[in-house]
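# Fold and geometry: a report
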Amino acid sequence: MIEVTHLTRRFGKLTAVDDLSFTVKPGEAVALWGANGAGKTTAVRCLLNLIPFEGQITIAGLDVRQHSKAVRTQIGFVPQELNFHDDLTVSETVTFYGRLRKLPHGTDLTPLLTRLELIPHINKRVRDLSGGLKQRLALALALLADPPILILDEPTANLDIRAREEFLLFLHTLKQEGKTFVFSSHRLEEITALADRVLLLEAGKLVIDTPPHELERRLGWETTLHLYLPEPTIEPALQTLTHFGMPVSRNGRGVRVQVAPGKKGELLRRLHEAGIVIEDFTVE
Amino acid sequence: MRDLDFTTVFILAQKELRDARRNRWFLLYAAAFAGLSLGLAALALSGAGNYGLAGFGRTSASLINLILLIVPLMGLTLGALSLAGEREKGTLLYLLAQPVTQLELLLGKFVGLALALMAAIALGFGLTGLLIGVNGGGAQVTTYLGLLLLTCLLVLVSLSLGFLLSALVQRGATAVGLALFLWLGLTIFGDLGLMGTALILRLNVDQLFALALINPLQLFKITAVFNIRQNLELLGPAGIYAIRTYGSQLLPLLIGLLTLWIIAPFLVAIQLFKRKGVL
């Protein structure tokens, strides 16, 4: 559905995206993951042909440079910065973008706006909406013409934890309905919640292309756990975990242990088998 | 060009028209133009002894200097804000992420702003014409209408130049600053600049005439004077040279050049906008 080949974008001497190639199959959710400045937003803008680039991008079999208009009819876009025309109401904004998307006159948008809980805010000016409501409006606009592809640039960057969870849940529903996703994020929890594949970008280069559950292993990440234990069991716990080769040390009311990728379950099982009760734990 | 869809252009033009109605600068310009035109008409009528003899002709002559001052300022500043303002606010990026080409966006904005500005000018001319008509000064009405059409051409020229500046820069304030600088340059270069250049460089009359045509404000002035008097003796040797050289072809030539001043900057603006993208 999406094919990116040797995508490169330079800003003067800085190469923001460097020889990036990847494909996205229909119904797949692919995350562009990386720190700020890794080239995620630039790559997203290239997908929409919003900025000139080197290389080639085809979406639904169409070259984005030659058929940018036709390509954009296939895409719903949620930008990182939610900059709409502030003086328009929600209703006017939806109507304006609906007309640009060539929605037939009289199309009933109530189900979409109801689904996104925007009906009570329909007459509010965009400038008066909260960050969460603006994000929902952005998604409503992206879904106006029911496009098969959604491109989202840091879609939860402006949301608090609760709004973020709600938003991700909604995106997950859309994914189950068969939408193809490309989204950028620097939040690991967002990626594990939604993505089928993660493309890790560093300084514009593709470093890793992997399913999210493989990410920790591919990166060789260790997780540090703080286990809170009853005082008499701290020493036996230290001995048990040392015996199984886990780097562990005493830490206040319990122990601090470094766990290799995919080994957290094993750690808990070993302690359980040794009869040690874990009162609480935190993940670093 | 193959993607050019006039429905999209129309939708964007409608949005621009709506925005103009809420733009305080636009409203201020429209009110200032109408108020000053009415003031000038009142003065011209009083000079004709309350009977309004040749009211439209006299008013047209007085209006030329007002138009030269206000109309380019309207077109240049509003044109300069059009793209740069949206780019700065970030709305440009979102607009172009829709099924809209850069050409459609520019055309839509240009048409919408042009209609708004021409409506403001027509309102000023209309109110002034009403005042003259009520006072019985119906003579030379075609001259007055001719000046209205020429003023519309001038506002399109300045709007096109404003769009060119807007395509060049990132920020609205920079674009407006450049627009004011250009307005000042074109206005000053109009008379003083031409006189100074002619004296220093000892220009021939044909060179002086050619130099005057380079400045769209001078071009408008020459055309407007020709519209009122059907000759250019008022402009001195350069005017006489123009009449003798081009004869009946002079008016089409002047209007053609004004039209070229609309098209050329707009075409350059499109190319710059395409090359620059949304950033």
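Residues numbered from 1 in each chain as written. Chains lettered and ligands numbered in written order. Predicted model: local features only at pLDDT ≥ 70, side-chain atom pairs only at ≥ 80, totals over all residues. Heavy atoms only, no water.

## Quick look at helix 9 (residues 216-229) of chain B
Residue and element names in this part refer to chain B.
- With 14 residues, helix 9 should cover 20 Å at 1.5 Å per step; its first-to-last C-alpha distance of 20 Å lies within 8% of that length.
- When you tally the buried positions in helix 9, you get 13 out of 14 residues, the bulk of the element.
- The residue sitting at the N-terminus of helix 9 and contributing the capping side-chain oxygen is Asn 215; that oxygen lies 2.8 Å from the backbone nitrogen of Leu 217.
- Positive backbone phi, approximately 60°, marks Gln 230, located one or two places after helix 9. (Helix = DSSP H or I, 4+ residues; strand = E, 2+ residues; numbered from the N terminus. Expected span 1.5 Å × (residues − 1). Buried < 20%, exposed > 50% of the residue type's maximum accessible area, 1.4 Å probe, protein only. Polar contact = N/O pair within 3.5 Å; in protein donor to acceptor, adjacent residues only side chain to side chain.)

## Focus on the interface of chain A and chain B
- Between chain A and chain B, the residue contacts involve 28 residues of the former and 31 residues of the latter.
- For the pair chain A and chain B, the two sides together bury roughly 2700 Å², of which 60% comes from carbon and sulfur.
- The largest contributions to the chain A side of the interface with chain B come from Leu 50, Lys 69 and Leu 100 of chain A, which together make up 24% of the buried area.
- Linking chain A to chain B there are five salt bridges. (Contact = heavy atoms within 4.5 Å. Buried area = accessible area lost by both parts, 1.4 Å probe. Salt bridge = Lys/Arg side-chain N within 4 Å of Asp/Glu carboxyl O.)

## So, the packing of helix 8 (residues 205-214) of chain B against helix 10 (residues 237-246) of chain B
Residues and elements named next belong to chain B.
- Two numbers describe how helix 8 lies on helix 10: the axes approach to 9 Å, and their chain directions differ by 90°. If you check the angle between helix 8 and helix 10, you find them roughly perpendicular. Of the residues in helix 10, those touching helix 8 at Val 205, Asp 206, Leu 208 and Phe 209 are Pro 237, Ala 238, Tyr 241, Ala 242 and Tyr 246. (Axes fitted to C-alpha atoms, helices over the stretch in contact; angles between N-to-C directions. Parallel < 35°, antiparallel > 145°, perpendicular 65-115°, else oblique.)

## Observations concerning the nonpolar core
- Ranked by internal contacts, the top residues of the largest apolar core, which has 162 residues, are Leu 139 of chain A together with Phe 220 of chain B.
- No other element matches helix 6 (residues 141-168) of chain B, which puts 16 residues into this core.
- What Phe 220 of chain B contacts, discounting residues up to four positions off in sequence, is Ile 64, Ile 67, Leu 68, Leu 147, Leu 150, Thr 151, Leu 154 and Leu 258 of chain B.
- If you look at the next biggest cluster of nonpolar residues, it comprises 14 residues, including Leu 227, Met 246, Val 259 and Leu 267 of chain A. (Core = buried A, V, L, I, M, F, W, Y, C linked by side-chain atoms within 4.5 Å.)

## Remarks on the sheet that holds strand 2 (residues 14-24) of chain A
- Read across the sheet, four strands follow the order 2-1-4-5 (chain A) without closing on themselves; strand pairing throughout is antiparallel. Unpaired on one side and paired on the other, strand 2 and strand 5 (62-63) of chain A mark the two borders of the sheet. (Pairing = 2+ DSSP bridges.)

## Observations concerning the pattern of salt bridges
- All chains considered together, the criterion is met by 23 salt bridges over all chains.
- With a shortest N-O distance of 2.6 Å, Glu 54 of chain A and Arg 10 of chain A are connected by a salt bridge. Within this pair, whereas Glu 54 of chain A is found in strand 4 (residues 54-59), its partner Arg 10 of chain A is found in strand 1 (residues 2-11), the two being separated by 44 residues in sequence.
- What makes Glu 54 of chain A partly exposed here is its relative accessible area of 41%.
- A salt bridge links Arg 115 of chain A to Glu 177 of chain A, with the shortest nitrogen-to-oxygen separation between them at 2.4 Å. With a gap of 62 residues between them, Arg 115 of chain A in helix 4 (residues 110-115) and Glu 177 of chain A in the loop between helix 6 (161-176) and strand 8 (180-185) connect regions that are remote in the sequence.
- Overall, the relative accessible area of 47% leaves Glu 177 of chain A in the partly exposed class.
- Several salt bridges converge on common partners, so that one network encompasses Asp 87 and Glu 92 of chain A together with Lys 15, Arg 18, Asp 19 and Arg 22 of chain B.

## Topic: the environment of Pro 232 of chain A
- Relative to the helices and strands, Pro 232 of chain A is located in helix 9 (residues 231-243).
- Each C-alpha atom, one on Pro 232 of chain A and one on Ile 276 of chain A, is 9.6 Å from the other, the two residues being 44 residues apart in sequence.

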